[in-house]
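One letter stands for each residue in the lines below.
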Amino acid sequence: MSIRRTLGTLWQSLFRTSRLDRELDEELRGYLDDLIEKKIRAGADRASARRAAMIEMGGMTQVKAEVRRVRPGAGIEALWQDARFTWRALIRKPAFAAVTIITFALGIGTNTAIFSIVNSILIQPLPYRDASELVSVWIDMTSAGFPKAPLSGPELGDLRQRGTLFSSFGGVWPNSTTITGDREPEQLTIGRVTANFFDTLGAPAFLGRTFESNDEAQGARLTVVLSYATWQRRYGGDPSVVGRSVIVDGGPATIIGVMPEDFRLLLPPDAGVPENLEAFVPFGARVVYGSRATRFLRIVGRMKPGVTLDQAGQQITQIGEAVTKEFTSYSRASRLFTMAGLQSEGAKELRPRLLALLAGVAILLLTACLNVASLLIARAASRTKETALRLAIGASYRQIVRQCLVEGFILSLIGGAAGIIFGEFSLRALITLRPEALGRLALVRIDTTVLVFTAAAALLSGMLFSFAPMVEVFRTDLIEGLLDTRRRFGTVRYRARAALVVLQIAFGLMLLVGAGLMIRTFVSIQRLDTGYTIERMLSFRVNVPGYGPIETLNDFHRRLQTELAALRGVTGVGAVSHFPFDTIPNWGGPYYLKDGPDPSAPFADFRAVSPGYLETVGARLKEGRFFREADDSSTQRVIIIDDLLAKRAFPGENPIGKRISLNPEFNRRNWMTVVGVVRHMRLRSFVEDLSEQIYLPIRQSTRPTSYVLRTTGDPAALSGPVRDVIRKLDPQLPIYDMRPAEQYLVSARSAQRFIMLLATSFAVVALMLAFVGVFGLVTYSVNIRRHEFGVRLVIGARSREIIGLVLHEGLVLLGAGLLLGVAGAAALAGLLHNQLFGVTAFDFPTYALAIVVIAIAAFTASWFPARRASQSNPLDVLRTD
Amino acid sequence: MARQTELLKGTLDLLILRSLELEPRHGLGVAERIEQVTRGTFIVKPGSLFPALHRLERQGFIDGEWILSAAGKRAKSYRLTAAGKKQLSAEKKAWARIAGAVGQMLEEQEG
């Protein structure tokens with residue numbers, strides 16, 4: 001037989017069935033006609049000839065079916081038929097189809113999204129060469145309030161000198177600088193790095209090169225490496241920027257390279273290094289000769305190949321101990337050199353949460369599958385008679401089973417596709433809403449691994465729930481099925497499934513309670529008394545370089561502040577070194593109350609503020625006074641402290657007039673006099689009182705400056721006038737980070753918001769699954785008890801009573817689920833405890849609301865089948881007996 | 001009426017090919033020819049005839065063609081192809097072998 005012919009017929013039988021059928025029809029009719037003719041010729045009259053011929057023919061349809069069966073692709077055609085049949089059946093019951101597909105899409109979708117995240121954060125290595133060799137090094141100064149303090153330059157030197165198990169150590173210090181000389185002046189967030197930093201990290205340049213040891217040599221011309229984004233934004237992606245001269249921080253510099261587009265500096269989130277620094281410049285080689293007490297370097301080390309994390313960690317600890325012995329000025333608390341793998345440290349906080357999340361979605365997928373199976377079983381049960389009928393008129397078990405499989409396959413196909421779309425959508429949503437600490441999320445994509453995972457999940461679930469209804473099919477006894485006399489409950493299987501539904505309700509309740517607690521936590525954080533108010537405030541930064549002595553600088557700032565205050569709608573102006581929750585590395589250190597080095601000197605956060613700042617942000621003065629313009633470089637040094645410091649340093653005394661020094665040499669040159677006490681302000685954490693606080697007059701120190709303006713109207717509307725004012729004073733001055741001040745708080749709350757949203761979405765999905773679970777099971781038992789209900793209706797039961805009977809079943813499930821769920825939630829409460837703020841783990845309103853919500857869901861889920869049961873025509877049901 | 005005999009599996013194909021050896025025929029023609037030649041031993045019903053015809057056509061042993069009959073009606077006529085002829089002679093040989101073997105077996109038992 002020729003292949004072409006077969007393919008031709010295959011083509012025809014699949015897509016031109018109608019033509020083939022028409023021809024077959026004609027051929028058979030011709031045969032019949034001939035047969036009739038023959039009988040007439042043999043002497044029969046037309047009518048009896050026709051009848052005899054028809055009998056002999058033996059049923060046109062059967063003959064056609066027989067012929068079709070020998071055609072090539074008959075199997076495919078049958079599948080196609082099954083598919084069309086399934087499609088029609090699904091269309092006929094769109095609610096069933098929708099519930100099934102949504103259930104499936106939820107399971108697959110959440111799995112796709114969460115697995116994509118887990119994959120990229122825990123499974124995929126960091127995007128650097130041999131990333132498993134990279135470690136992060138810090139000093140554990142927990143006792144001083146800094147669990148992960150950076151290192152000083154000399155300490156980096158110690159590591160390099162004594163770290164024999166490492167091939168290199170590099171350091172980075174996030175900072176900002178002004179770039180001018182070719183285009184408009186611009187303030188860039190930069191990383192000052194050691195020359196070997198990129199080599200240590202194993203991140204090559206996209207254009208040009210990264211730094212070499214020559215770049216940090218004494219007297220070398222300053223070199224700059226741009227980020228891809230900066231290169232695009234400032235230079236429009238012009239490749240000729242490599243080699244160009246610019247002015248960086250007032251000095252000449254050369255651009256030597258551009259980093260790749262996907263380069264991110266993925267240090268642990270608590271290192272405080274932004275992942276998307278805009279440019280990099282090298283430190284001088286002298287960085288390792290600075291003060292031992294000035295700690296600012298975030299260290300990345302590369303272990304030699306074959307060295308384990310344990311060995312390397314021991315060496316780091318030993319170096320710390322040795323260094324502590326040699327330099328006695330170290331305080332006891334500061335010698336703990338600590339190290340961890342860069343990747344594991346970066347994911348440290350996330351790892352358990354991600355794994356819990358993954359376990360959670362796996363459970364969701366499983367329950368989703370079981371729910372779909374449950375729905376299909378319910379449907380198969382309602383179609384027992386149809387199945388029996390089909391078996392009776394000649395369908396083989398094989399055909400019925402095939403049809404079930406096709407149905408499962410189609411549902412899983414649509415559900416899987418919907419799931420991938422839903423997954424992509426939720427992944428994007430998660431990325432958009434990600435907290436800043438989860439920078440890596442931005443790089444998460446649905447990749448091949450995830451697609452394979454999802455496809456496998458879809459297929460597996462497809463198989464799972466195709467087989468479920470077969471149980472019903474094989475239970476279909478021909479005679480019993482047709483007579484519909486089977487009224488027994490499949491008690492064992494029913495109980496197993498009821499247990500599953502109870503679990504789902506419990507699970508849903510637990511997640512609802514969790515989500516409720518997270519929402520209340522978020523709300524309390526939002527309502528929290530931070531000690532200041534920054535609504536209706538505009539903030540921006542200016543960098544004022546090259547103004548010479550502090551007096552000139554102060555003059556400039558005084559003029560600027562006066563002019564800003566004169567703007568229409570401005571009710572207050574202030575300048576500060578660190579705005580609450582901004583991304584500038586914290587400024588803090590020990591303070592001393594008496595002369596001499598004190599290893600146990602307490603730490604405080606330092607903030608330089610202008611006169612008017614504390615008033616503008618609404619700080620509450622408890623004693624003394626705020627700063628005045630007179631508190632400048634020409635008068636005695638003064639400070640304002642917060643009430644926490646006052647309580648610790650001067651318990652029971654009036655702190656006004658007391659002296660504090662930030663230098664162990666406690667003398668007239670260093671000490672500062674307390675002139676005021678303000679209530680502690682939450683500047684770095686919403687939920688904890690972190691460090692005590694010392695406010696210094698900005699006119700007595702030189703710090704980069706953020707301005708804030710309080711306004712009566714929309715703060716964003718002020719940005720134009722503000723720019724005009726600054727341009728008038730100095731057109732070369734870069735202004736940056738101009739935004740409503742509230743945004744800093746919003747993004748600081750983003751982690752909490754993220755957790756809340758995640759918890760809420762989980763709860764919603766779990767709620768829907770519980771709904772589907774109850775719906776599926778109650779529908780199933782309604783289908784099985786249809787006969788019973790028919791009898792009840794006939795002997796006088798009212799539909800209300802039938803509804804009551806069905807609802808009763810749903811309520812029993814609900815009751816069991818609630819008991820279990822409350823117990824589970826209470827057990828979880830212990831774990832949640834330290835994630836909560838402003839609400840207890842046993843918050844009654846949360847529990848009550850969660851119970852109400854899930855009760856409504858379960859009630860509604862039982863209501864639909866109940867109403868259907870009550871509306872069934874008793875005669876229809878009974879007639880089949 | 002002649003006694004009818006169950007067709008051995010595969011025999012029908014042989015009979016159809018054989019009936020088309022001399023001239024093309026349409027469906028009823030094939031059935032009549034088989035009935036006639038076997039003197040009514042085999043009556044081929046449409047339920048087995050047409051599937052067999054279509055299968056043989058697909059295998060390329062026969063070729064169906066729509067022609068106009070003498071009465072002016074369209075009818076599908078089947079003719080033996082070259083491949084069909086080869087197949088027929090192969091099947092004839094195979095059949096002869098089987099028939100001989102079976103016959104021998106029967107004779108021995110009777111004898």
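Residues numbered from 1 in each chain as written. Chains lettered and ligands numbered in written order. Predicted model: local features only at pLDDT ≥ 70, side-chain atom pairs only at ≥ 80, totals over all residues. Heavy atoms only, no water.

K.L.:
Even after reading the chapter, I still don't get the overall build of chain A, so can you show me in this structure?
P.N.:
Across its full length, chain A carries 27 helices and 23 strands. Excluding contacts between residues fewer than 6 apart, the proportion of contacts in chain A whose partners are at least 24 apart in sequence is 80%. As presented, chain A carries roughly 40,200 Å² of accessible surface, and 60% of it is formed by carbon and sulfur atoms. (Helix = DSSP H or I, 4+ residues; strand = E, 2+ residues; numbered from the N terminus. Contact = heavy atoms within 4.5 Å. Areas by Shrake-Rupley, 256 points an atom, 1.4 Å probe, with all protein chains shown as cover.)

K.L.:
Got a minute to help me understand the overall build of chain B in this structure?
P.N.:
The number of helices and strands found in chain B is four helices and three strands. Going from the N terminus to the C terminus, chain B shows its helices and strands as α-β-α-α-β-β-α. A total of 111 residues make up chain B; the buried ones form 39% of that total. Put simply, of all contacts in chain B between residues at least 6 apart along the chain, 52% involve residues at least 24 apart. Carbon and sulfur atoms make up 54% of the accessible area of chain B, which amounts to about 6,900 Å² in all. (Buried < 20%, exposed > 50% of the residue type's maximum accessible area, 1.4 Å probe, protein only.)

K.L.:
Quick question: what am I supposed to make of the interface of chain A and chain B here?
P.N.:
The parts lose accessible area when they come together, and the size of an interface is often stated as this lost area. With 20 residues of chain A in contact, the opposing surface of chain B contributes 25 residues. Here chain A is connected to chain B by one salt bridge. A salt bridge links Lys38 of chain A to Glu32 of chain B, with the shortest nitrogen-to-oxygen separation between them at 3.5 Å. The interface formed by chain A and chain B holds two residue pairs in polar contact (both at pLDDT 80 or more) in total. Elements that contribute at least two residues to the side of chain A that touches chain B include exactly α2 (17–41), α3 (46–57) and α4 (60–70) of chain A. (Salt bridge = Lys/Arg side-chain N within 4 Å of Asp/Glu carboxyl O. Polar contact = N/O pair within 3.5 Å; in protein donor to acceptor, adjacent residues only side chain to side chain.)

K.L.:
Before we go on, may I ask you to explain the pattern of salt bridges in this structure?
P.N.:
Oppositely charged side chains may form a pair once their charged atoms are brought near each other. For the structure on display, the rule yields 29 salt bridges over all chains. Salt bridges linked by common partners bring Asp555, Arg558, Glu629, Asp632 and Arg699 of chain A together as one network.

K.L.:
Is there a simple way to think about the nonpolar core in this case?
P.N.:
In a soluble, globular protein the nonpolar side chains are often hidden away together inside. In terms of nonpolar packing, the biggest core is built from 63 residues, with Ile505, Val513, Val774, Val806, Leu813, Leu836 and Ile854 of chain A touching the most fellow members. A per-element tally of this core places helix α17 (residues 491–527) of chain A first, with 12 residues. Each of domain 2 (74–128 + 349–487) and domain 4 (490–529 + 748–881) of chain A contributes no fewer than three residues to this core. Apart from residues no more than four positions distant in its own chain, Val513 of chain A is found in contact with Ala825, Thr846, Tyr847 and Ala850 of chain A. If you look at the next biggest cluster of nonpolar residues, it comprises 33 residues, including Leu24 of chain A together with Ile16, Val30 and Leu88 of chain B. (Core = buried A, V, L, I, M, F, W, Y, C linked by side-chain atoms within 4.5 Å. Domains from an automatic or database assignment.)

K.L.:
Could you clarify how one ought to interpret unusual backbone geometry in this entry?
P.N.:
For residues besides glycine, phi is generally negative; the peptide bonds are generally trans as well. Residue and element names in this part refer to chain A. Notably, Asp130 is not glycine yet its phi reads approximately 40°, a positive angle. According to the relative accessible area criterion, Asp130 is partly exposed, its value standing at 44%. Of note in the backbone geometry, Arg536 takes a positive phi value of approximately 55° without being a glycine.

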